[in-house]
Amino acid sequence: MKWVDEGMTHLGLAEIPGAKHNATIGAWLRKLGAWWADDETPWCGVFVAHCMREAGLSVPKYYMRAKAWADWGVGLSRPVFGCIVVFERKGGGHVGIVVGQDQQGNLMVLGGNQGNRVSIAPFDRSRVIAYRYPAAVPSPQDRPLTLVTSDGKLSSNEA
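Described in the following lines is the structure provided in the data block. Keep in mind that this is a model prediction, so the values were computed, not measured.

### Topic: the pattern of salt bridges
A side chain of one charge can pair with a side chain of the opposite charge when the charged atoms of the two come close. Summed over the entire model, instances satisfying the criterion amount to three salt bridges. Residue K31 pairs with E54 through a salt bridge whose shortest N-O separation is 2.8 Å. Of this pair, K31 sits in helix α2 (residues 23-32) while E54 is found in helix α3 (residues 44-54), placing the two residues 23 residues apart along the sequence. The exposure class of E54 is partly exposed, given its relative accessible area of 38%.

### Some details on the side chain of E6
Note on placement: E6 falls in helix α1 (residues 2-8). The buried charged residue E6 lacks any salt bridge partner; its closest oppositely charged side chain belongs to K31, at an N-O distance of 8.1 Å. At 2.8 Å, the side chain of E6 and the side chain of H10 are in polar contact.

### Side note on the nonpolar core
Core analysis: the largest hydrophobic core is formed by 49 residues, its most contacted members being W3, V46, F47, M52, Y63, W69 and I97. The set of elements that each furnish at least two residues to this core consists of α1, α2, α3, β2 (84-89), β3 (92-101), β4 (107-111), β5 (119-123) and β6 (128-133). It is α3 that provides the largest number of residues to this core, a total of seven residues.

### Concerning the packing of aromatic side chains
Any pair of aromatic rings gets described here by the distance separating the centres and the angle formed by the planes. Within the structure shown, the criterion is met by six aromatic pairs. Taking the centre distance of 4.8 Å and the plane angle of 75° together, the rings of W35 and W36 count as edge-to-face. The class for W35 is exposed, based on a relative accessible area of 68%. Assessed through its relative accessible area of 12%, W36 is described here as buried. Between W69 and W72 the ring centres are 5.1 Å apart and the planes differ by 65°, which places this aromatic pair in the edge-to-face class. In this pair, the class of W69 matches that of W72, namely buried.

The rules behind the values
Residues numbered from 1 in each chain as written. Predicted model: local features only at pLDDT ≥ 70, side-chain atom pairs only at ≥ 80, totals over all residues. Heavy atoms only, no water. Salt bridge = Lys/Arg side-chain N within 4 Å of Asp/Glu carboxyl O. Helix = DSSP H or I, 4+ residues; strand = E, 2+ residues; numbered from the N terminus. Buried < 20%, exposed > 50% of the residue type's maximum accessible area, 1.4 Å probe, protein only. Lys, Arg positive; Asp, Glu negative; His and termini not counted. Polar contact = N/O pair within 3.5 Å; in protein donor to acceptor, adjacent residues only side chain to side chain. Core = buried A, V, L, I, M, F, W, Y, C linked by side-chain atoms within 4.5 Å. Phe/Tyr/Trp six-rings, centres within 6.5 Å; stacked < 30°, edge-to-face > 60°.

These figures come from the coordinates and say nothing about function on their own.
Here is the structure:
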């Protein structure tokens, strides 16, 4: 899946604290037509939008708002590899791409702004608002999630 492959190429990419900003995140913002240019503004939706656009797929009008992804594409009743997952969090939401599950059954999510960087982190399924899949791509509904090793420490920094 092109959007997953694109996201994986950015693993480890991080914000730069202070007045300087990460040039790659800045380039994503410019290409997506954002009205801001800093990497301090929550950018999980920007990361997912970048991956989808690079794969030639649509994005929600308000792609920068994590919860806007809950109405994008086609809804799924359960997670599949490559689906977009939207989470609830205190003060807003978070969005990322499901790449598997860990040994505890937590979702393993490829996302931006997870600990201020692009990472794969475990998330509690109880926080899920929606699972979505690109409308233009046939959904692999029958494919179970693969096991991805994790330390089991759930994500708690997505702002």
